[in-house]
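Overview (structure and organization)
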Amino acid sequence: MWELLTLLMLSLTYFFWPKLKSRDAKYPNSLPCLPLVGSLPFLPRDGQQHLNFFNLQKKYGPIYSFRLGSKTTVMVGHYQLAKEVLIKKGREFSGRPHMTTLDILSDNQKGVAFADHGAQWQLHRRLVQATFTLFKDGSQRLEKIICQEIRLLCDFLATQDGQSLDLSEPTFLAMTNVISEICFSSSYKRGDPELEIIQRYNDGILHALSQNTIVDIFPGLKVFPNKTLKKMKSCVKIRNDLLNKIFEDYKKSYIGDSTRNMLDLLMQAKMNLDNNNATSNQNSTLLSDEHILGTISDIFGAGVETTVSTIQWLIAYLLHYPQLMKRIQEEIDQNVGFNRTPTISDRHRLLLLEAAVREVLRIRPVAPLLIPHKAIVDSSIGDLAVDKDTNVIINLWALHHDEKEWAQPDQFRPERFLDQTRTHLINPSMSYLPFGAGPRSCLGELLARQEIFLTVAWMLQRFDLDIPDDGQLPCLEGQLKVVFLIKAFKVKVKIRQAWREAQGEGSL
């Protein structure tokens, strides 16, 4: 009996103990490590992950490592090292690790966000980029679609004049419709059952991903009952059933040479592969229905909640700084007026608003910890070795709150993005990567920047935003659920007198 137990322990130790490293190689400082559990007992359990990892830099430096189970993870918290990972050696670190929860979400790494480096990821990323290129100009111009939805949003807010409401719900509808137009050339109306399904499964997925389930460290434990995995699978099934229905209905009216949206481009690419006799069957599977739906799911998942969250954060900060909000409104009044609505070309006229957008992306980044990368070859960061298959995480929070790079980094100061004369936008630090960088950078950066700027510009042109009558200001602490979410809050919306008068005079 004891002999078998000893053999079992030795076997487990062999598989989970850190592998022998080259004597000549210098590796990042490491947290203490034990057999089987790795560094788990030495990682802080309370508080927010990104803050805990940031605080560990005080002891271990801007790059350090730890082990979770059998996997080594390197944490990077300085911009020079981060840019080496993301840009200079972007290909070498372009992999994605297998994680149980993310494998469920991505149907085993299909799509673009969580797919490992390889032909499938490269193909789908190119097709998504081609879609956004499609919407840059002409009748399908991205700005036109965004403004169409913001107009409907503002029309709804006008019906709530003098009322206090949670802006996240109408904003969610607007941003969902922008993504739906890009993906399917369709949209939803308020109260649409499908919209409620999207919001429900989206909330469920975010909640499940925030649970830090132990199966991501020890995948073998997934054979046991797990409420988080059960919830994740249920939400993913609801999502897939809905998207499958949309996909099947779309196929019935699909025109082969049409290029109206992302689904058209994906289906056209699939047809081209299927019709190419020189292409292997294996390559044809890269655009199977499952792979297409994986990419559509990623765009929906990443393109709505992230933007809604950032808009919410910006409005919350403006409520905390009402004088700043008044100054932005004065800027809009002087440079746009009331005879037209703001456009993207106004970004260099509405400097204070654009600076506020940039500042909120710094102080409350959408993803304080970027999605983990994986080394696909033996590589290095700085003068430190990183072995193949090592996970690498960029702590964006650390980059954006580095006191050596940002004066008073915990203060909301949009003017840091303006020159001394406040007539030009500047980039005050190289330690600013709100959308990542390199081969794995956010595909929707252009879309998100336009949506955030235009939504807030239109709102402030037409409405005064104030705290509710109960005097409750938004909490600025935030909740990390993969996306850094703000706690729900209400805003009192009132039509501006200047706008009302302009409308009475017949202005547009």
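Here we summarise the structure given alongside this text. For every chain, the first residue of the written sequence is number 1, and numbering continues from 1 along that sequence. For this predicted model, a pLDDT threshold of at least 70 governs which residues receive local features, and a threshold of 80 or more governs which side-chain atom pairs are given and counted, while totals over whole chains, interfaces and linings are taken from all residues. The side-chain figures draw on all heavy atoms in the structure; neither hydrogens nor water molecules are used.

The next subject is the overall build of the protein chain. Across its full length, the protein chain carries 18 helices and 12 strands. Think of it in three bands: residues with accessible area under 20% of the maximum for their type are buried, residues over 50% are exposed, and the middle band is partly exposed, with areas taken using a 1.4 Å probe on protein chains only. Counting only residues that meet the buried cut, the protein chain has 54% of its 508 residues in that class. Here, residues are in contact when the closest pair of their heavy atoms is within 4.5 Å. Sequence-distant contacts, at least 24 apart, represent 73% of the contacts inside the protein chain between residues at least 6 apart. Calculation of accessible area relied on Shrake-Rupley with a 1.4 Å probe; when residues are assessed, cover is drawn exclusively from the protein chains displayed. For the protein chain, the exposed area adds up to about 24100 Å²; of that, 53% sits on carbon and sulfur atoms. Across the protein chain, the mean location of the 60 positive side-chain charges is 4 Å away from that of the 56 negative side-chain charges. Only runs of H or I of at least four residues qualify as helices and only runs of E of at least two qualify as strands under DSSP, and these elements are numbered from the N terminus. Neither His nor the chain ends contribute to the count of charged residues, in which Lys and Arg are positive and Asp and Glu negative. Every charge is mapped to an atom, namely NZ of Lys, CZ of Arg, CG of Asp or CD of Glu.

Note on definitions: salt bridges are taken to be side-chain nitrogens of Lys or Arg within 4 Å of carboxyl oxygens of Asp or Glu. Counted under the stated rule, the structure contains 24 salt bridges. Between Glu354 and Arg358 there is a salt bridge, and its shortest N-O distance comes to 3.0 Å. Remark: Arg358 and Glu354 occur in helix α15 (residues 351-363); sequence separation between them is 4 residues, near one turn of the helix. Across the pair Arg416 and Glu359 runs a salt bridge whose closest N-O atoms are separated by 3.1 Å.

It is worth spelling out the packing of aromatic side chains at this point. Two descriptors summarise a pair of aromatic rings, namely the distance from one centre to the other and the angle between the planes of the rings. Each pair of aromatic rings taken from Phe, Tyr and Trp, with Trp reduced to its six-membered ring, is defined by centres within 6.5 Å and is described as stacked if the planes are under 30 degrees apart, edge-to-face if over 60, and tilted in the remaining cases. Overall, the coordinates contain 12 aromatic pairs when judged by the stated rule. With centroids separated by 4.4 Å and ring planes inclined at 20°, the aromatic side chains of Tyr317 and Phe412 adopt a geometry described as stacked. Of this pair, Tyr317 sits in helix α13 (residues 305-320) while Phe412 sits in the loop between α16 (396-400) and α17 (445-462), placing them 95 residues apart in sequence. Here Tyr317 matches Phe412 in class, with each residue buried. Aromatic rings pair up to connect Trp313, Tyr317, Tyr321, Trp397, Phe412 and Phe484 into one cluster. The ring centre of Phe247 lies 4.6 Å from the NZ or CZ of Lys251, which sits over that ring. The criterion is that NZ of a Lys, or CZ of an Arg, lies within 6 Å of the ring centre and within 35 degrees of the ring normal, and then a charge sits over that ring.

Right, let's get into the nonpolar core. What makes a nonpolar core is a set of buried Ala, Val, Leu, Ile, Met, Phe, Trp, Tyr and Cys residues whose side-chain atoms join them at distances within 4.5 Å. Grouped together as the largest cluster of nonpolar side chains are 122 residues, with contacts concentrated most on Leu157, Ile296, Leu314, Ile315, Ile328 and Leu465. Sorting elements by how many residues they give to this core places α17 first, with 10 residues. Ignoring sequence-local partners within four residues, the contact set of Ile296 consists of Cys183, Phe184, Leu243, Met262 and Leu266. Counting 20 residues, the second-largest nonpolar core is a separate cluster that includes Val76, Ile381, Val392 and Ala437.

Here we come to helix α12 (residues 289-303). Every α-helix carries 3.6 residues per turn, so stepping three or four residues along brings you back to the same face. When the terminal C-alpha atoms of α12 are compared, their 21 Å separation across 15 residues agrees well with the 21 Å that a helix rising 1.5 Å per residue should span. In terms of residue burial, α12 counts as a mostly covered element, since 11 of its 15 residues are buried. Expected helix span is taken as 1.5 Å per residue step, with the number of steps being one fewer than the number of residues.

This part covers the sheet that holds strand β5 (residues 373-374). Pairing is mixed across the open sheet formed by 5 strands, whose spatial order is β1-β2-β3-β8-β5. Both edges of this open sheet fall to β1 (29-30) and β5, since each of them pairs with a single strand only. In this description, strands pair whenever DSSP reports at least two bridges between them. Where strand β3 (residues 71-76) lies against strand β8 (residues 391-394), 4 bridges are found, and the strand directions are parallel. When the bridges of β8 are listed, Thr73 appears paired with Asn391. Packing of helix α2 (residues 49-60) onto the sheet brings it into contact with β1, β2 (63-68) and β3, and relative to β2 it is tilted by some 115°. Lines are fitted to the C-alpha atoms to define the axes, a helix being fitted only along its stretch in contact, and any angle between axes, read from their N-to-C directions, falls within 0 to 180 degrees. Where helix α3 (residues 79-88) meets the sheet, it contacts β2, β3, β5 and β8, and its direction lies at approximately 125° from that of β8.

Time to look at unusual backbone geometry. A positive phi is found at Ser185, a non-glycine position, where the angle reads about 60°. Examined against the element boundaries, Ser185 turns out to sit in the loop between α7 (168-184) and α8 (193-209). Positive phi, close to 75°, is recorded for Asp389, a residue that is not glycine.

Moving on to the pairing of strand β9 (residues 463-466). Burial along β9 is one-sided: the residues Phe463 and Leu465 are buried and none of Asp464 and Asp466 is. As judged from the 4 bridges shared by β9 and strand β12 (residues 491-495), these two strands associate in the antiparallel manner. Bridged to Phe463 within β12 is Ile495.

It is worth spelling out the sheet that holds β12 at this point. With antiparallel pairing, 3 strands are arranged side by side in an open sheet as β4-β12-β9. Strands with a single pairing partner mark the edges of an open sheet, and in this sheet they are β4 (163-165) and β9. The sheet shows a mean angle of 35° between the axes of neighbouring strands, direction not considered. Both β4 and β12 contribute to a ladder of 3 bridges, which runs antiparallel. By the bridge assignment for β12, Ser164 is matched with Lys492.

Bringing the packing of helix α6 (residues 142-159) against α7 into the picture now. How two helices pack is summed up by the angle between their axes together with the distance between the axes. The interhelical angle for the contact between α6 and α7, taken along N-to-C directions, is 155°, at an axis separation of 9 Å. The angle between α6 and α7 falls in the class roughly antiparallel. Of the two elements, α6 crosses α7, and the hand of that crossing is right-handed. Contacts between α6 and α7 involve Leu142, Ile145, Ile146, Glu149, Leu153 and Phe156 on the former and, on the latter, Pro170, Thr171, Ala174, Asn177, Val178, Glu181 and Ile182. Convention used here: angles under 35 degrees read as roughly parallel, angles over 145 as roughly antiparallel, angles from 65 to 115 as roughly perpendicular, and any remaining angle as oblique. Crossing handedness follows the turn of the near helix against the far one: under a right angle anticlockwise gives a left-handed crossing, and clockwise gives a right-handed one.

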